[in-house]
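# Summary of structural features
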Number of protein chains: 4
Amino acid sequence: MTPSPAGRGRPRDERSHAAITQAAAELIVESGYAAMSIGAVAARAGVGKDTIYRRWSGKPELVYEAVFTAADTTDLPDTGTLEGDLTTVVQSLIEEFSQPEAAAAIPGLLADFAADPELRATIRSRFLQPAKERLIEVFDRAGQRGETGAEVPVDLVLDTLAGAVFFHLGIIGEQPGPDLARRLAAMIAKGIEVR
Amino acid sequence: MTPSPAGRGRPRDERSHAAITQAAAELIVESGYAAMSIGAVAARAGVGKDTIYRRWSGKPELVYEAVFTAADTTDLPDTGTLEGDLTTVVQSLIEEFSQPEAAAAIPGLLADFAADPELRATIRSRFLQPAKERLIEVFDRAGQRGETGAEVPVDLVLDTLAGAVFFHLGIIGEQPGPDLARRLAAMIAKGIEVR
Amino acid sequence: MTPSPAGRGRPRDERSHAAITQAAAELIVESGYAAMSIGAVAARAGVGKDTIYRRWSGKPELVYEAVFTAADTTDLPDTGTLEGDLTTVVQSLIEEFSQPEAAAAIPGLLADFAADPELRATIRSRFLQPAKERLIEVFDRAGQRGETGAEVPVDLVLDTLAGAVFFHLGIIGEQPGPDLARRLAAMIAKGIEVR
Amino acid sequence: MTPSPAGRGRPRDERSHAAITQAAAELIVESGYAAMSIGAVAARAGVGKDTIYRRWSGKPELVYEAVFTAADTTDLPDTGTLEGDLTTVVQSLIEEFSQPEAAAAIPGLLADFAADPELRATIRSRFLQPAKERLIEVFDRAGQRGETGAEVPVDLVLDTLAGAVFFHLGIIGEQPGPDLARRLAAMIAKGIEVR
DNA sequence: AAATAATCGAGACGGTACGTCAGGTCTTAAA
DNA sequence: TTTAAGACCTGACGTACCGTCTCGATTATTT
């Protein structure tokens, strides 16, 4: 998002910002990502198109902010086992990405990000940075317990978990079974545990 | 692809078919999925737009056929271990999906398929059916060796592997390191082995 | 209409000819000239498009034959006055051109004929030759009665009458009042009579 | 032509308007009415198609404005006789409709107007209202001179004159002989004079 | 009888235009 | 300087027709 420039002239209306992201979120759910147009967002938000382009560079950026805003503030309880902790992480990934707006936005959003060379590299950080931090914490605990060795392939695990979750939610469109998180975490935990 | 109807009238020209799929494959690599238009494909193939719409219902169907045609006929050698067999499977997934056309097409293609309710369910079969058959064979062997138990979560493994591979190739855009297949297969194999 | 060539090969099916002209006449009334397509005529006649193009060079030629076929065989009674005779001529013009197919076809037909340099010159003969012969007869009689002089501007009168009738029927779309023929004939007759 | 709505937003660019009508007029002369496409007009005018559709509902409306804009401001001299006055009226009709753009446009334009039920009724007013006003003035003078009676069939005369002129110019495509106006006016004047 | 040839219905073919829509930029008057 | 409004150019969409062509099948004439 482009920050508001120097304090000359009329300041930006913050209410517009909220109206736009809300309108975008609604339209994604109603129409889907591809059918959602900037013009429609502007009309529903009661805003000019320029007001949107002044703040975001295009549809992907707008949708990303409109959909993935809720900071994941859930705390990460220590369940006592790597498998338990991983289950918690996967569960929160699933919860975040199975919101209706997220499910509707993810495939198109990933496609647009992937098509733009400048943005490809940022996907992992934009979508997965919070999860990565949690994973690191989980592996720290597991290392202290002796469940894992020194070298844990955090990125491999992260991409695998995220890939599986995205694949289910965004692409297959399957409502994730209640034990997907558990089964997935169990498999991965077992796969990287020491003995 | 719409099959040619009953044998009445002028038959469809197979050379047009080939020219169209080739032009589509070229343009995907040159322009990317989103920027590739049916009109441009028609122009390059020296064909009218109707000739394309007569055979395919839209861009996703055309691109799918243009990109994913090569039947995967590689045989599946018995490496003697579940981990080795899985590595082979993952490696062939990576090879298939890292062709330039495939890498350029996958994100947009998955997005378009996912956006169409009628096609969501077909993704797994269209993209992954061959891999699933190979997986079943691999797990059969592993079961006979005693590496796995009776109940192997084939779909979970398949979606996880495919998710990880798609995530790397299509979304992150990373050229898969030479040992991604090995590391991924090792993790999953260990995760589902019996002790 | 293209005549059937030498007697080799399968002869043209005369029933197709009739089916085509009938379908064309129906479609002109139902859809109007511009919206009537050759493909639709072929479909309704149960005929291939080539069967039409083999006989007519295009829509204007086909429609002309489909609509203006009825030879005007009404005899031309001697009413005893130029005005009366002219009224009869105008009346038959109106009757011919106010058939529903004719009224629907005329504006577009004239436009297509006028747009083709080769056909411009033929309009007068194609549409008006019968009327011109009648006019000449009418003026012969009038000359013998002494109503007109030696030099009667036949073409001027013809174009004027036809222009007025076409203008009313084809362009204004007005159902011609029952006395249009009488009033028009009276005006023209008086305009060219000697004293 | 659709009027620009309330004074909000960016006003329509009058230069686009002029560029469009000029391009349309040129293309009509070069290609003819039927072969002139909206897309070609837009391209030549350096304008998007939307900019045309925003102002006109279709080709007929655009062409009408592009071709028949020149207000006929010639004054109508009193020649002293009905025949002379009528000659002037017919002459100006001929001059207006024998401009190259008008001659090229009229047949197709009349066909399109006639095909649209909503526009049929407007033809007389759109094309002929100025001429009608002149005719009425001419007949006023003639009545005061005693050349005509109280009841003059203005519409009949108008349609007859216009029909004859359109028929010659637009349909036959004949360059009007220098004395067509004189002969036509003489015939009609004589036809409606009182004795 | 066999060969030749034109026609038949069907529908695919390369083109062209349609009228609509979205993208992203711009120009206005008002705030 | 931002705002809402909306015009602007570009370019793609999917559809409809155009007039031609290519099929297998049919129906005639010519050998």
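Going by the annotation in an unreviewed UniProt entry, the name recorded for chain A is TetR family transcriptional regulator, with Streptomyces pharetrae CZA14 given as the source organism.

Moving on, we come to the confidence of the model for chain A. Atomic detail in the predicted coordinates should be set aside for any region of low pLDDT. Across chain A, the average pLDDT comes to 89, with 94% of residues at or above 70. When pLDDT is averaged over each helix and strand of chain A, the minimum, 79, is found for helix H7 (residues 117–120) of chain A and the maximum, 98, for helix H2 (residues 38–45) of chain A.

Our next topic: the protein's contact with DNA strand E. Around DNA strand E, the surrounding shell holds 43 residues, and the nearest of these are B:Arg54, B:Arg55, C:Arg8, C:Arg54 and D:Tyr53. The share of sugar and phosphate among atoms of DNA strand E within 4 Å of the protein is 63%. B:Arg10 is positioned with one of its backbone polar atoms (N or O) 3.2 Å from a sugar or linking oxygen of DNA strand E. In this structure, C:Gly48 approaches DNA strand E through a main-chain N or O atom, which is 3.1 Å from a phosphate oxygen. Listing elements by their share of the surface near DNA strand E, those giving two or more residues are H2 and helix H3 (49–53) of chain A, helix H3 (49–53) of chain B together with helix H2 (38–45) and helix H3 (49–53) of chain D. Grouping the constituent residues of the surface near DNA strand E by class yields nine nonpolar, 15 polar and 19 charged.

All right, on to the layout of surface pockets then. By volume, the largest pocket amounts to about 930 Å³. Broken down by secondary-structure element, the contributors of at least two residues to the lining of the largest pocket are helix H1 (14–31) and helix H6 (100–115) of chain A together with helix H1 (14–31), helix H6 (100–115) and helix H9 (154–172) of chain B. If you go around the second largest pocket, you meet 38 residues; those closest to its centre are C:Ala111, C:Asp112, D:Pro107, D:Gly108 and D:Ala111. Residues that form the lining of the second largest pocket fall into these classes: 20 nonpolar, ten polar and eight charged.

On to the interface of chain A and chain B. Opposite the 36 residues of chain A that make contact, chain B presents 36 residues. Where chain A abuts chain B, roughly 3,000 Å² becomes buried across the two surfaces, and 69% of that area is made up of carbon and sulfur atoms. Of all residues in chain A, A:Leu156, A:Phe167 and A:Met187 bury the most surface against chain B, accounting for 22% of the area lost on that side. Inspection of the region where chain A meets chain B yields zero salt bridges. Here chain A and chain B share four residue pairs in polar contact (both at pLDDT 80 or more) between them. Only H6, helix H8 (122–145), helix H9 (154–172) and helix H10 (180–192) of chain A provide two or more residues apiece to the side of chain A that touches chain B.

Evaluated as defined, the whole model comprises 36 aromatic pairs over all chains. Between C:Phe68 and C:Phe97, the ring centres sit 5.7 Å apart and the planes meet at 70°, which makes this aromatic pair edge-to-face. Of this pair, C:Phe68 sits in the loop between helix H4 (59–67) and helix H5 (82–97) while C:Phe97 sits in helix H5, placing them 29 residues apart in sequence. Residue C:Phe68 shares its accessibility class with C:Phe97, and that shared class is buried. Consider the rings of D:Tyr64 and D:Phe127, whose centres lie 5.3 Å apart with planes at 80°: the pair is edge-to-face. Of this pair, D:Tyr64 sits in helix H4 (residues 59–67) while D:Phe127 sits in helix H8 (residues 122–145), and the two are 63 residues apart along the sequence. Each member of the pair, D:Tyr64 together with D:Phe127, is buried. Ring-pair connections join several aromatic residues into one group, and the members of that group are A:Tyr64, A:Phe68, A:Phe97, A:Phe113, A:Phe127, A:Phe166 and B:Phe167. For the cation-ring pair, B:Lys59 lies above B:Tyr33, with the distance from its terminal atom to the ring centre recorded as 4.7 Å.

So, about the protein's contact with DNA strand F. Looking at DNA strand F, there are 46 residues lining it, with A:Arg54, B:Tyr53, C:Tyr53, D:Arg54 and D:Arg55 nearest. Sugar and phosphate atoms constitute 68% of the interface atoms of DNA strand F, taking the interface as everything within 4 Å of the protein. At 3.2 Å, a side-chain N or O of A:Arg55 approaches a phosphate oxygen of DNA strand F. Within the contact set of DNA strand F, a sugar or linking oxygen lies 3.1 Å away from a side-chain nitrogen or oxygen of C:Arg8. Listed by contribution, the elements that provide at least two residues to the surface near DNA strand F are helix H2 (38–45) and H3 of chain B, helix H2 (38–45) and helix H3 (49–53) of chain C together with H3 of chain D. Counted by class, the surface near DNA strand F contains ten nonpolar, 16 polar and 20 charged residues.

Before going further, it helps to examine H2(C). Residue and element names in this part refer to chain C. Within H2 the residues assigned to the buried category are Ile38, Val41, Ala42 and Ala45. Buried residues along H2 cover an arc of 100° about the axis, so they all sit on one side. Buried positions along H2 lie against helix H1 (14–31), H3 and H4. Just downstream of H2 lies Gly46, where phi reads positive at about 70°.

With 37 residues of chain D at the contact, the number on the chain C side is 36 residues. Interface of chain D and chain C: buried area, both sides summed, is about 3,000 Å²; carbon and sulfur atoms make up 69% of it. Summed over the shared surface of chain D and chain C, the result is zero salt bridges. If you look at where chain D meets chain C, you find four residue pairs in polar contact (both at pLDDT 80 or more). Counting residues per element, the ones that place at least two in the side of chain D that touches chain C are helix H6 (100–115), H8, helix H9 (154–172) and helix H10 (180–192) of chain D. With 14 residues, H9(D) is the largest single contributor of residues to the side of chain D that touches chain C. Looking at the side of chain D that touches chain C residue by residue, the class counts come to 22 nonpolar, seven polar and eight charged.

Rules used throughout
- Residues numbered from 1 in each chain as written.
- Chains lettered and ligands numbered in written order.
- Predicted model: local features only at pLDDT ≥ 70, side-chain atom pairs only at ≥ 80, totals over all residues.
- Heavy atoms only, no water.
- pLDDT = per-residue confidence, 0-100.
- Helix = DSSP H or I, 4+ residues; strand = E, 2+ residues; numbered from the N terminus.
- Near = heavy atom within 4 Å.
- Polar contact = N/O pair within 3.5 Å; in protein donor to acceptor, adjacent residues only side chain to side chain.
- Nonpolar A, V, L, I, M, F, W, Y, C, P; charged D, E, K, R; others polar.
- 1 Å grid on protein atoms, 1.4 Å probe; cavity = no way out; pocket = protein on both sides within 12 Å on 5 of 7 lines; lining within 4 Å.
- Points joined across faces, edges and corners; volume = space filled by probe spheres on them.
- Contact = heavy atoms within 4.5 Å.
- Buried area = accessible area lost by both parts, 1.4 Å probe.
- Salt bridge = Lys/Arg side-chain N within 4 Å of Asp/Glu carboxyl O.
- Phe/Tyr/Trp six-rings, centres within 6.5 Å; stacked < 30°, edge-to-face > 60°.
- Buried < 20%, exposed > 50% of the residue type's maximum accessible area, 1.4 Å probe, protein only.
- Lys NZ or Arg CZ within 6 Å of the ring centre and 35° of its normal.
- Arc of directions from axis to C-beta.

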